[in-house]
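# Examining the three-dimensional arrangement
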Amino acid sequence: MKYPERLDDIAELIRGATTAEDAQARAVEHLYERFRRYDWVGIYRLEGEELVLGPWKGEAATEHVRIRVGEGVCGACAVSGRTEVVPDVSADDRYVACFSETKSEIVVPIVKKGRFWGEIDIDSSTLNAFGPDDVEFLEALAKLLAARV
Ligand code: SME
């Protein structure tokens, strides 16, 4: 694990949260502030057949506050239940554009008691911004969040 101290920091923040929503907001804020390549960070929650945007941090709001399951990279993650890494969004047909700056994206599922609950979605203005270290770190974070939702 490349970012163990960051996971400790974030675990501490989540422990201090008063509600599930607060825990998600703290995690989102931490990711956005501390990771240089994480240019937009949001958490979507599954509601019926749609993913609904909860806490987010970034320069601009996305118009995609509701995404249908199966639509875009976010919707693909809801179907596969696995982390989706897109090194180059221009080369992935599934990608639904939110920001013109975005070059790569990662979507990490939050699974609670074996069920898909929602996901962490991160856009980067850097090409190929998300490697195995990011996957490992964010999947560990998703587990922490799953325990609080
Ligand atoms: N790019 C995503 C849509 C959500 S925005 O990045 C915030 C997708 O392809 O599902």
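Structure shown above.
Below: a short report on this structure. (Residues numbered from 1 in each chain as written. Predicted model: local features only at pLDDT ≥ 70, side-chain atom pairs only at ≥ 80, totals over all residues. Heavy atoms only, no water.)

The next subject is the sheet that holds strand E3 (residues 66-68). Across the sheet, which stays open at both edges, the six strands sit in the order E3-E2-E1-E6-E5-E4 with antiparallel pairing between neighbours. Looking along the sheet, the strands with just one partner apiece sit at the ends: E3 and strand E4 (84-86). If you compare each strand with its neighbour and ignore which way they point, the axes differ by 20° on average. Taken together, the six bridges between strand E1 (residues 40-47) and strand E6 (residues 115-124) define a ladder with antiparallel strand orientation. For Gly42, the partnering residue across the bridge sits in E6 and is Asp121. Its contacts with the sheet place helix H3 (residues 72-80) against E1, strand E2 (50-58), E3, E4, strand E5 (104-112) and E6, and it is angled at close to 35° to E5. The strands touched by helix H4 (residues 132-146) are E1, E4, E5 and E6; relative to E5, the strand with the most contacts, the crossing angle is about 35°. (Pairing = 2+ DSSP bridges. Helix = DSSP H or I, 4+ residues; strand = E, 2+ residues; numbered from the N terminus. Axes fitted to C-alpha atoms, helices over the stretch in contact; angles between N-to-C directions. Contact = heavy atoms within 4.5 Å.)

Taken together, 13 residues sit near the ligand, with Val73, Cys74, Val96, Cys98 and Glu105 positioned nearest. One of the side-chain nitrogen or oxygen atoms of Glu105 is found 3.0 Å away from a nitrogen atom of the ligand. Within the side chain of Asp121, an N or O atom sits 3.4 Å from an oxygen atom of the ligand. Protein coverage of the free-state accessible area of the ligand, which is 310 Å², stands at 100%. (Near = heavy atom within 4 Å. Polar contact = N/O pair within 3.5 Å; in protein donor to acceptor, adjacent residues only side chain to side chain. Areas by Shrake-Rupley, 256 points an atom, 1.4 Å probe, with all protein chains shown as cover.)

Turning to helix H1 (residues 4-15), a few remarks are in order. For H1, built from twelve residues, the straight-helix expectation of 16 Å at 1.5 Å per residue is met to within 8% by its first-to-last C-alpha distance of 16 Å. Among the residues of H1, Leu7, Ile10, Ala11 and Ile14 are the ones counted as buried. Angular distribution of buried residues about the axis of H1 spans 105°; they occupy a single face of the element. Its buried side turned inward, H1 meets helix H2 (20-34) and H4. (Expected span 1.5 Å × (residues − 1). Buried < 20%, exposed > 50% of the residue type's maximum accessible area, 1.4 Å probe, protein only. Arc of directions from axis to C-beta.)

Here we come to empty space enclosed by the protein. Overall, the coordinates contain one cavity of 30 Å³ or more when judged by the stated rule. Considering the residues around the largest cavity, the lining is formed by 13 residues, among which Ile67, Cys74, Val96, Cys98 and Glu105 are closest to the centre. With three residues, the top contributor of residues to the lining of the largest cavity is H3. Residues belonging to the lining of the largest cavity are distributed by class as follows: seven nonpolar, two polar and four charged. (1 Å grid on protein atoms, 1.4 Å probe; cavity = no way out; pocket = protein on both sides within 12 Å on 5 of 7 lines; lining within 4 Å. Points joined across faces, edges and corners; volume = space filled by probe spheres on them. Nonpolar A, V, L, I, M, F, W, Y, C, P; charged D, E, K, R; others polar.)

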